[in-house]
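Summary of the model geometry
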Amino acid sequence: MGVSFVRVYKANCNWLFLDNMVNENLVKEVVKEPYKYGFVTDIETEKIAKGLNEEIIRLISQKKEEPKYLLDFRLKAFKKWQKMNEPDWAGLGYKQIDYQDIIYYSAPKQKEKISSLDEVDPKLLETFDKLGIPLTEQKKLTNVAVDAVFDSVSIATTFREELAEHGVIFCSISEAVKNHSELIEKYLGTVVPASDNYFAALNSAVFSDGSFVYIPKGVTCPMDLSSYFRINSGDSGQFERTLIIAEESSSVSYLEGCTAPMFDTNTLHAAVVELIALDDASIKYSTVQNWYAGDEEGVGGIFNFVTKRGKCLGKRSKISWSQVETGSAITWKYPSCLLLGEESVGEFYSVALTNNLQQADTGTKMIHIGPKTKSTIVSKGISAGNSKNSYRGLVKIGTKAKGSRNYSQCDSMLIGDQASANTFPYIKSQQPNSEIEHEASTCRISEDQLFYLQSRGIEFEEAISMMVSGFCRDVFNQLPMEFAAEADKLLALKLEGSVG
Amino acid sequence: MQSKMKESDPILEVENLFASTDNLPILKGVSLTVYPGEIHAIMGRNGCGKSTLSKIIAGHPSYNITNGNIIFSGENINSLEPEERAQSGIFLGFQYPIEIPGVSNLEFLRVSTNSRRKFLNKEELDTFDFEELVKEKLELVKMDHAFLSRSVNQGFSGGEKKRNEILQMALLEPKIAILDETDSGLDIDALRIVATGIKKISNAQTGIILITHYQRLLDEIEPNYVHVMSDGQIIRTGGSDLALELEKKGYEWTDNFVKET
């Protein structure tokens, strides 16, 4: 994070925990729900050699038939990355990543040019079917357009024609490079510069695919857009890059889902997401992250180092992040908003659930630059097992951000006595005429609450799960409806057995 | 004790029950038998063990049974989980109903009702069917539909909380209901609503234990038996006139009682 923190608050605010009166045996056991997305698709893939150097980057760029400016962008990023150090300020403990032991490009083999979904390898379609994301014309989800990304490449994007009628561009970023090069050249790296941080620099050097969205002036996107990221190979990293541009007075709701097979090795996922909202535009970006988290002993799982940032460039523009983070061995992500436009609005709603030996360090940065800008942060962290769950956030009000306001609320819930939760709210204000509010309401799952629900016939586990969803209600209310139901189910699944 | 219902088997038998919390003895040999159709009142000073008795019957994990048995419908339930007891038909009306933020009252009531229905091999109700059922029961306690969309007991007034308890009792149709100071904190109108609700829900098959300090609830619901508790024991049992006498003379009067055997 490229900002120096002037005032630092370290507060273990608001621990919501089961008091130790609760029968310890009941809560000791941790999440045992088998990960149901852990299968591997047996498909012939084209992989390049392991390792990272200039040649590899040239090779990736060449495979994607990229213009020179993009190759230059990659090479420049790589040079910067080489001079940077892996950040350790989050205090996450994990096995050192060997960047030379990773495959940076892996794609399922298929025909060179695919003109329709019918030509996509049935095995791939089957994979997405199994994940609940049918892509074929007959079965595709009716209310949402999907861009399906498998390892390093985008497999298919549904509803493209329908969206095109409204002038909406929704395609893989590789295609956008070919067909909408002017937009890529204009916006890529303008929100998250290549040198922003170690993982963003790495991504900028080697990113393989991702989604691209362009909503023209005055258009309300007629349906939700969604990307589904699937990691299949055990030895390749996934480095996707997403760019969403909302022109003046346009709006879009974008959903993102992720799963990966169970491997006993760790897979690196370092994504970059950039959002740009112009005057009166609004972007809602929702994530349900369910990467493989590793087993009970902490073996395997995804290392999830992600840089997500939105730029409210226009007046009265709005960017809203909502995330439900339940997977990954390591989560390191801080979806942020740069509030430049006058009266622009940034929001961050987050539920992060960790279990077993998972570690999550997540939060947001709300950078108020323009006057009368407003931001809201609602974060709910739930840690069970031996996991570590931290909220880390920065609210910065710049000298010109007169009349700006922030409201933050961070709640943590501990389940069992081995898990830990931390809250690190950093606040930096250079504008006396502004308001920053940090709320820490205290609530806890007490033995009495559990007993009350149980005495009404509700099973212990279901009682916990009801209270956890109740705890997350403020955030779930922000999610698109189908997502909210899925998130609720997911949390219940993750907690199943955690208190058996 | 003579009762006209004696031909049938008792619903609940508490046999010489000793219980403690944090090694502190609270119950010191309580025995109590409830037959179908009976209403029992338990009275006594604060701290005499009335509430503890009710919590132990419902299975509160903070208390350990050190001796004695709780027999429900002929089965020893000493080691059953609270939810198993509830599903099989034991209901505890809380003195201080617990607030559960974020959990909608409607969903709570539905999950709870279905857990009981499942036990009874009745079909579980979806949201729509449940709404129909709950509408009917809301009438009993004169509660507004708006209560259902709020979080469980959160921000409810004292009276609303108690009515919510009776609503739960109406939905769960328990075999035995233990109502712990359901009358406390109620104004006269609310007391009448609650009492009427209890009377409508109970029948010849159900048993009721009213834990109370006051005669005014017993004016509305006349008990078959009144038990006076002191220091973890039932020290006297009588008919409804015992409560009237207690009302007149105060608990000091009971200080001289010796435990009846």
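Residues numbered from 1 in each chain as written. Chains lettered and ligands numbered in written order. Predicted model: local features only at pLDDT ≥ 70, side-chain atom pairs only at ≥ 80, totals over all residues.

Remarks on the overall build of chain B
Counting its regular elements, chain B contains eight helices and 12 strands. Computed over its C-alpha atoms, the radius of gyration of chain B comes to 18 Å, within 12% of the 18 Å expected for a compact globule of 261 residues. In terms of overall dimensions, chain B has C-alpha extents of about 55 × 40 × 40 Å along its principal axes. Here chain B holds 261 residues, and the buried ones make up 45% of them. In chain B, 71% of the contacts between residues at least 6 apart in sequence involve partners at least 24 apart. (Helix = DSSP H or I, 4+ residues; strand = E, 2+ residues; numbered from the N terminus. Rg over C-alpha atoms; globule rule 2.2 N^0.38 Å. Buried ≥ 20, exposed ≤ 12 C-beta atoms within 10 Å, placed from the backbone. Contact = placed C-beta atoms within 7 Å.)

Some details on the overall build of chain A
Within chain A, the secondary structure is distributed over 11 helices and 26 strands. Residue burial in chain A is summarised as follows: out of 500 residues, 58% are buried. A separation threshold of at least 6 residues defines the contact pool for chain A, and within that pool the share at least 24 residues apart is 84%.

A look at the nonpolar core
Residue and element names in this part refer to chain A. Counting residues in hydrophobic clusters, the biggest one holds 208 residues, and the most contacted among them are Val 213, Ala 246, Ala 277 and Ile 283. When residues in this core are grouped by element, the largest group, 10 residues, is from helix 10 (residues 460-476). Setting aside its immediate chain neighbours within four residues, Ala 277 contacts Ala 246, Ser 282, Ile 283, Gly 310, Cys 312, Leu 313, Gly 314, Ser 317, Lys 318 and Ile 319. (Core = buried A, V, L, I, M, F, W, Y, C linked by C-beta atoms within 7 Å.)

Thoughts on the sheet that holds strand 4 (residues 64-72) of chain B
Two strands in a sheet stick together by hydrogen bonds in their backbones, pointing the same way (parallel) or opposite ways (antiparallel). Residue and element names in this part refer to chain B. If you trace the four strands from one edge of the open sheet to the other, you get 2-1-4-5, paired in antiparallel fashion. Unpaired on one side and paired on the other, strand 2 (24-34) and strand 5 (75-76) mark the two borders of the sheet. Sheet topology places strand 1 (residues 12-21) next to strand 4; seven bridges connect them, and they run antiparallel. Of the residues in strand 4, the one forming a bridge with Ser 20 is Asn 64. In the packing of helix 1 (residues 50-58) onto the sheet, the strands contacted are strand 1, strand 2 and strand 4, and the crossing angle to strand 2 comes to about 70°. (Pairing = 2+ DSSP bridges. Axes fitted to C-alpha atoms, helices over the stretch in contact; angles between N-to-C directions.)

Quick look at the interface of chain A and chain B
Frequently, the measure chosen for interface size is the accessible area removed from exposure when the parts meet. Contact residues are listed per partner, giving 21 residues for chain A and 21 residues for chain B. When contributions to the side of chain A that touches chain B are tallied by element, the ones reaching two or more residues are helix 9 (447-454) and helix 10 of chain A. If you tally residues by element for the side of chain A that touches chain B, the top one is helix 10 of chain A, at seven residues.

Overview of helix 8 (residues 198-206) of chain A
Of all nine residues in helix 8 of chain A, eight are buried, a share of seventy percent or more. Turning to helix 8 of chain A, the residues buried within the fold contact helix 2 (54-63), helix 3 (68-83), strand 10 (241-246), strand 13 (272-277) and strand 15 (301-312) of chain A.

A word on unusual backbone geometry
With a phi close to 60°, Glu 343 of chain A is a non-glycine residue in the positive phi region. Mapped onto the fold, Glu 343 of chain A is located in the loop between strand 18 (336-339) and strand 19 (345-354). The backbone phi angle of Ser 73 of chain B is positive, close to 50°, even though this residue is not glycine. Summarising the element assignment, Ser 73 of chain B is placed in the loop between strand 4 and strand 5. Among the residues examined, Ser 73 of chain B registers 15 C-beta atoms within 10 Å and is labelled partly exposed.

Considering helix 3 (residues 105-119) of chain B
Along its 15 residues, helix 3 of chain B runs 21 Å from first to last C-alpha, staying within 8% of the 21 Å computed at 1.5 Å per residue. Of the positions making up helix 3 of chain B, those classed as buried are Asn 105, Phe 108, Leu 109, Arg 110, Val 111, Ser 112, Thr 113, Ser 115, Arg 116 and Arg 117 of chain B. Summarising the contacts, the buried residues of helix 3 of chain B are in contact with helix 10 of chain A together with helix 2 (82-87), strand 7 (100-104), helix 4 (127-140), strand 8 (151-152) and helix 5 (158-172) of chain B. (Expected span 1.5 Å × (residues − 1).)

Notes on the confidence of the model for chain B
All names here are of chain B. Summing up the model confidence of chain B, the mean pLDDT is 91 and the portion of residues at 70 or higher is 96%. For residues 1-5, every residue scores under 50 in pLDDT, and the model assigns this stretch eight contacts once sequence neighbours within four places are set aside. Scored by ipTM, the complex comes to 0.94, with pTM at 0.78. (pLDDT = per-residue confidence, 0-100.)

Remarks on the packing of helix 5 of chain B against helix 6 (residues 188-201) of chain B
All names here are of chain B. Contact geometry of helix 5 with helix 6 gives a least axis separation of 10 Å together with a crossing angle of 5°. When the axes of helix 5 and helix 6 are compared, the pair comes out roughly parallel. In this structure, helix 5 uses Gly 159, Lys 162, Arg 163, Ile 166, Met 169 and Ala 170 to contact helix 6, whose residues at the interface are Ala 190, Ile 193, Val 194, Gly 197, Ile 198 and Ile 201. (Parallel < 35°, antiparallel > 145°, perpendicular 65-115°, else oblique.)

Quick word on the sheet that holds strand 12 (residues 233-238) of chain B
Residues and elements named next belong to chain B. Reading across from one edge, 6-9-10-3-11-12 is the order of the six strands in this open sheet, with mixed pairing throughout. Of all strands in the sheet, those bounded by a partner on one side alone are strand 6 (90-93) and strand 12. For this sheet, the mean inter-axis angle between neighbouring strands, taken without regard to orientation, is 20°. Relative to strand 12, strand 11 (residues 225-230) is paired through five bridges, and the arrangement is antiparallel. Of the residues in strand 12, the one forming a bridge with Ser 230 is Gln 233.

Some remarks on the confidence of the model for chain A
As a general rule, the predicted coordinates of low-pLDDT regions are not to be interpreted in detail. For chain A, mean pLDDT is 83; residues scoring 70 or higher make up 85% of the total. In this model, residues 1-33 of chain A is a region of pLDDT below 50 whose contacts with residues beyond four sequence positions or in other chains number 85 contacts.

Observations concerning the packing of helix 9 of chain A against helix 10 of chain A
All names here are of chain A. Interhelical geometry of helix 9 versus helix 10 gives an angle of 120° and a closest axis separation of 9 Å. By the criterion of interaxial angle, the relationship of helix 9 to helix 10 is oblique. The way helix 9 lies across helix 10 gives a crossing that is right-handed. Seen from helix 9, the contacting residues are Gln 449, Leu 450, Leu 453 and Gln 454; seen from helix 10, they are Phe 460, Ala 463, Met 466 and Met 467. Split by residue class, the contact of helix 9 with helix 10 holds six nonpolar, two polar and no charged. (Left-handed = near helix turned anticlockwise from the far one by under 90°. Nonpolar A, V, L, I, M, F, W, Y, C, P; charged D, E, K, R; others polar.)

What to know about the environment of Asp 126 of chain B
All names here are of chain B. Take Asp 126: it is sitting in the loop between helix 3 and helix 4. Taking the number of C-beta atoms within 10 Å as the measure of exposure, Asp 126 has 10 and is therefore exposed. For the pair Asp 126 and Gly 102, spaced 24 residues apart in sequence, the C-alpha separation works out to 21 Å.

Side note on the environment of Val 288 of chain A
All names here are of chain A. If you trace the backbone, Val 288 turns up in strand 14 (residues 282-289). Judged by the 22 C-beta atoms lying within 10 Å of it, Val 288 falls in the buried class. Taking the C-alpha atoms as reference, Val 288 lies 28 Å from Lys 47; in sequence the two are 241 residues apart.

What about the pairing of strand 11 of chain B?
Residues and elements named next belong to chain B. Counting buried residues in strand 11 gives five out of six residues, a clear majority hidden from the surface. Bridging between strand 3 (residues 39-44) and strand 11 involves five bridges; their strand directions are parallel. The residue of strand 11 that forms the bridge with Met 43 is Val 228. Following strand 11, the chain reverses through two residues before pairing antiparallel with strand 12; Asp 231 in that reversal takes a positive phi of roughly 45°.

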